[in-house]
Amino acid sequence: VSKGDGIVNIVLQGYKKFCKVEELISSTLLFAITILVFVSAIARTLGHPLNWAVDISLLLFAWQVFIGGDIAVRNTNLIGVELLVNKFPGKVQKALKIVFFVMIIAFLAVLVYFGIPLLIQNWKRLFQVLPISYSWATLSVPVGSFLMIISASIRLAEIIKKPVSFWEQGRMDA
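No experiment lies behind these values; they were computed from the predicted model shown.

Looking at this structure, how should I read the packing of helix H4 (residues 90-121) against helix H6 (residues 140-161)?
For any two helices packed against each other, the geometry comes down to the angle between their axes and how far apart the axes lie. It is at 9 Å that the axes of H4 and H6 come closest, and there the two elements cross at 160 degrees. When the interaxial angle is binned, H4 and H6 end up roughly antiparallel. Every pair of crossing elements has a handedness; the one defined by H4 and H6 is left-handed. Class assignment for the residues of the contact of H4 with H6 results in 19 nonpolar, 3 polar and 3 charged.

I would appreciate a short explanation of the packing of helix H1 (residues 3-45) against helix H2 (residues 51-75) in the present structure.
At a minimum axis separation of 8 Å, H1 and H2 run at an interaxial angle of 145 degrees. As H1 packs across H2, the resulting crossing turns out to be left-handed. Taken together, the residues of the contact of H1 with H2 break down into 17 nonpolar, 6 polar and 4 charged.

What is the right way to look at the environment of Phe146 in this model?
Relative to the elements of secondary structure, Phe146 occurs in helix H6. Each C-alpha atom, one on Phe146 and one on Ala106, is 11 Å from the other, the two residues being 40 residues apart in sequence.

For this particular structure, what's the right way to read a nonpolar patch on the surface?
Together, Phe31, Ile35, Phe38, Val39, Ile42 and Leu46 make up a nonpolar patch on the protein surface, roughly 600 Å² of accessible area in all. Tracing the chain through its elements places Phe38 in helix H1. Phe38 sits in the exposed class, given a relative accessible area of 53%.

Is there a simple way to explain the pattern of salt bridges in this structure?
Pairs can form between side chains of opposite charge whenever their charged atoms are close. The full count for this structure, using the stated rule, is 2 salt bridges. Here Glu22 makes a salt bridge to Arg74, at a shortest N to O gap of 2.8 Å. Of the two residues, Glu22 is situated in helix H1 and Arg74 in helix H2; the sequence distance between them amounts to 52 residues. Among the residues examined, Glu22 registers a relative accessible area of 4% and is labelled buried.

What's the story with the side chain of Arg74 in this structure? I'm lost.
In this structure Arg74 comes out as buried when scored by relative accessible area, which is 13%. Engagement of the side chain of Arg74 in a polar contact is seen with the side chain of Glu22, the distance being 2.8 Å. Setting aside chain neighbours within four positions, we find Arg74 in contact with Tyr15, Cys19, Glu22, Glu23, Ser151 and Arg155.

Definitions and limits used
- Residues numbered from 1 in each chain as written.
- Predicted model: local features only at pLDDT ≥ 70, side-chain atom pairs only at ≥ 80, totals over all residues.
- Heavy atoms only, no water.
- Axes fitted to C-alpha atoms, helices over the stretch in contact; angles between N-to-C directions.
- Helix = DSSP H or I, 4+ residues; strand = E, 2+ residues; numbered from the N terminus.
- Parallel < 35°, antiparallel > 145°, perpendicular 65-115°, else oblique.
- Left-handed = near helix turned anticlockwise from the far one by under 90°.
- Nonpolar A, V, L, I, M, F, W, Y, C, P; charged D, E, K, R; others polar.
- Patch = residues over 30% accessible without salt bridge, like charges linked within 9 Å, V, L, I, M, F, W, Y side chains within 5 Å.
- Areas by Shrake-Rupley, 256 points an atom, 1.4 Å probe, with all protein chains shown as cover.
- Salt bridge = Lys/Arg side-chain N within 4 Å of Asp/Glu carboxyl O.
- Buried < 20%, exposed > 50% of the residue type's maximum accessible area, 1.4 Å probe, protein only.
- Polar contact = N/O pair within 3.5 Å; in protein donor to acceptor, adjacent residues only side chain to side chain.
- Contact = heavy atoms within 4.5 Å.

Encoded structure:
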């Protein structure tokens, strides 16, 4: 085992731990949003609206979308595309998957590129009720997109490494 292999293993273990933490954060955000919206609806019905709950829910939802998106990119196939792609020969399937992931990475790079100026533009903008910069919500766009670029790049590398015979067997888990 070379020194480089040890470093790669450390990075992979760190990434696996990061993925677990990300899944925990995603679950926590979803739970918090659900509770906030439910409690806010009950309070509004009782004549005591919780105006701040909408702002907090919006902030949490922005992060949930992008963190959940990263988890989805990492763990799932492009289901709608799979139905069509699986009808082609293995070489074409592999080529199409590569093209799709390159397109996904390019789109996410555009989100990072335009998300940073959006973050800066929103720095002075505040939420409606909370004295918090709206940039905390828009920060989710470049950060989440960058995380998805990492996940999509890993998936792309896995696809490139797999032989064409993998797709000729009718496999769909790449």
